[in-house]
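# Observations on the three-dimensional arrangement
Chain by chain, the residues run as shown.
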Amino acid sequence: MTDVAVTSAEETTATLPEAGRRPIRHTLTGAITWGGLWLFVGGLLLAVATVLLASLTAQLAEGWLPRAYTTRWYTQSWATFDLGQLLVTTVEVGVTVVAVTLVVALPTAYVLARLTFPGRKLLLLLFLVPQVVPVMTYAVPLATLVYRLRLNDTLAGIVLVNLVPAIPFAVLVLIPFVEQIDPRVEQAARVCGATNRRVFVHILGPLLVPGLLAAGVLTLVRVVGQFELTFLVSGPDSQTLVVALYGAAVQAGELASQEINAMAVVYMLTTLALLLVALRFVDPTSVAARDRRSGQ
């Protein structure tokens, strides 16, 4: 009987992987994952470095690096494209879209998170449509409507078309933040005599500040990078930075390439600053965790 026990123990030990040894399959998967990630990051950094060097080039050389450097292209690009006005227009459009979006998205997200009614899943599906379908599928009809309303080349027209994808996006971001608040907190406030307005302003409002910041900053980043919708309804007096950058690229044969690259660097820095602010207020892993908990 002892021999049988010893034999069984030896067979079990032989089938187990040695301590500290990782399966080859897991090691290969990790190597492919990390290799692909670093390849992507390296390519992205190479592209950014190329544009940055091109914007600082004073004299071209045959190799990768220029012979001399200068910052005059930034000054020249600022004057040629009126970057100051472009930045002001971009900020005006972004802030207006964010303000209107949050006013509409917050009560909508609250209703979808708290109430169950016929057609709720269909409504959520409709909110997903602008996020997954190509922008041009609804950009052209929207632009046609804006032109009929004579709102083209105006701030109102640009804000209107950007609200179409922005509001559903903000609603989807805010729903997990509303769902993580215990409904008993609201019930306790109402039992103590608080009206719906006081509950919404004094109870839910402070608790939803992280969600509002997340939705607002992420919406702002999307609006600043939105090209198709803004391009179709903007004009000479209402261009945002990304639309003007496209126009400069189209005139590449007429303008110095260094000016266009300098403008591209300004756009990249603006977007990077917004992304850093977004990551300061938004933790993607925590948002995903909230969404996963709410779905359980």
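Parameters and conventions
- Residues numbered from 1 in each chain as written.
- Predicted model: local features only at pLDDT ≥ 70, side-chain atom pairs only at ≥ 80, totals over all residues.
- Heavy atoms only, no water.
- Helix = DSSP H or I, 4+ residues; strand = E, 2+ residues; numbered from the N terminus.
- Buried < 20%, exposed > 50% of the residue type's maximum accessible area, 1.4 Å probe, protein only.
- Contact = heavy atoms within 4.5 Å.
- Areas by Shrake-Rupley, 256 points an atom, 1.4 Å probe, with all protein chains shown as cover.
- Phe/Tyr/Trp six-rings, centres within 6.5 Å; stacked < 30°, edge-to-face > 60°.

### Observations concerning the overall build of the chain
For the chain, the count of helices and strands is 14 helices and two strands. Counting over 296 residues, the chain shows a buried share of 32%. Taking the contacts inside the chain whose residues are at least 6 apart along the sequence as the reference set, 73% of them involve residues at least 24 apart. Surface exposure of the chain reaches about 18,300 Å², of which carbon and sulfur atoms provide 68%.

### Focus on unusual backbone geometry
Here Asp82, not a glycine, exhibits a phi torsion of approximately 55°, which is positive. Looking at the element boundaries, Asp82 is found in the loop between α3 (72–81) and α4 (83–114). The partly exposed category is assigned to Asp82, whose relative accessible area is 43%. In the Ramachandran plot, Asp153 falls in the positive-phi region, its phi being about 60° despite a non-glycine side chain. Checked against the element boundaries, Asp153 lands in the loop between α6 (136–148) and α7 (155–179). By relative accessible area, which is 26% here, Asp153 ends up partly exposed.

### Some remarks on the packing of aromatic side chains
For the coordinates displayed, the defined rule picks out four aromatic pairs. Ring plane angle 25° and centroid distance 5.1 Å describe the contact between Phe227 and Phe231, whose orientation is recorded as stacked. A residue is classified by how much of its surface remains accessible, and Phe227, at 22% relative accessible area, is partly exposed. Ring centres of Phe231 and Tyr246 lie 5.3 Å apart, and the angle between their planes is 80°; on these two criteria the pair is classed as edge-to-face.

### Regarding the side chain of Thr90
Tracing the sequence through the fold places Thr90 in helix α4. Contacts of Thr90, omitting those with residues within four sequence positions, involve Val224, Thr240 and Leu241.

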